[in-house]
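Commentary on secondary and tertiary structure
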Amino acid sequence: MTTNTVEITCIACPMGCDVDLEVDDESDEILSIDGNQCPKGENYVKEEYRNPTRILPTTARVNGGVLPLVPVKSAEPLPKGKLEAAMREIAKVELDAPIELGDVVVENVCDTGVDIVATRDLPAAGESPIAAD
């Protein structure tokens, strides 16, 4: 049996432990975990090794807005391997102002089941940024 050591920096708590995983090269099974200083670290590195995910923050183009871009993010973490394809899909989007916080910009990005949503209001050019009562 041959093994490999994988180092992952845990971000489950502010300590930022460097955790070593000993992995069986043939079965990809985690044999041991060393270096985490809290129980969250063990769970985090197991998931990060098996299925790394990330929240994707970026921007999308806007037509007719007070700004040319609106900040957006994935509503849930995306598989790390899908981030580049998701960025390409978002880059094709052109939204029309006004945009409201939480508006879905891309549904089911890259067939992941995760939506891309606006993270701020963006009024149309000429609109008051403060809503009237």
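Right, let's walk through the structure included here. (Residues numbered from 1 in each chain as written. Predicted model: local features only at pLDDT ≥ 70, side-chain atom pairs only at ≥ 80, totals over all residues. Heavy atoms only, no water.)

**Some thoughts on helix 1 (residues 39-50)**
Between its terminal C-alpha atoms helix 1 stretches 18 Å, which fits the 16 Å expected from 12 residues at 1.5 Å a residue. Regarding helix 1, the residues found buried are Gly41, Tyr44, Val45 and Glu48. Mapping the buried residues of helix 1 onto a view down its axis gives an arc of 95°, with all of them on the same face. Residues of helix 1 that are exposed and point more than 90 degrees away from the buried face comprise Pro39, Asn43 and Arg50. Where helix 1 is buried, its residues touch strand 1 (3-9), strand 2 (18-24), strand 3 (30-34) and strand 4 (53-54). (Helix = DSSP H or I, 4+ residues; strand = E, 2+ residues; numbered from the N terminus. Expected span 1.5 Å × (residues − 1). Buried < 20%, exposed > 50% of the residue type's maximum accessible area, 1.4 Å probe, protein only. Arc of directions from axis to C-beta. Contact = heavy atoms within 4.5 Å.)

**Focus on the pattern of salt bridges**
Within the structure shown, the criterion is met by four salt bridges. Of the charged contacts, one joins Lys46 and Glu42 as a salt bridge, the two residues approaching to 3.2 Å between their closest N and O atoms. Pair noted here: Lys46 and Glu42 are both in helix 1, with a separation of four residues, about one helical turn. As a salt-bridge pair, Glu48 and Arg54 come within 2.7 Å of each other at their nearest N and O atoms. (Salt bridge = Lys/Arg side-chain N within 4 Å of Asp/Glu carboxyl O.)

**Focus on unusual backbone geometry**
Along the chain, Ala97 connects to Pro98 via a cis peptide bond; the corresponding omega equals 5°. Considering the arrangement of structural elements, one finds Pro98 in the loop between strand 8 (94-96) and strand 9 (104-106). Phi at Asp111 is positive, roughly 55°, even though this residue is not glycine. Its location among the elements puts Asp111 in the loop between strand 9 and strand 10 (116-118). Under the relative-accessibility criterion, Asp111 is labelled exposed at 69%.

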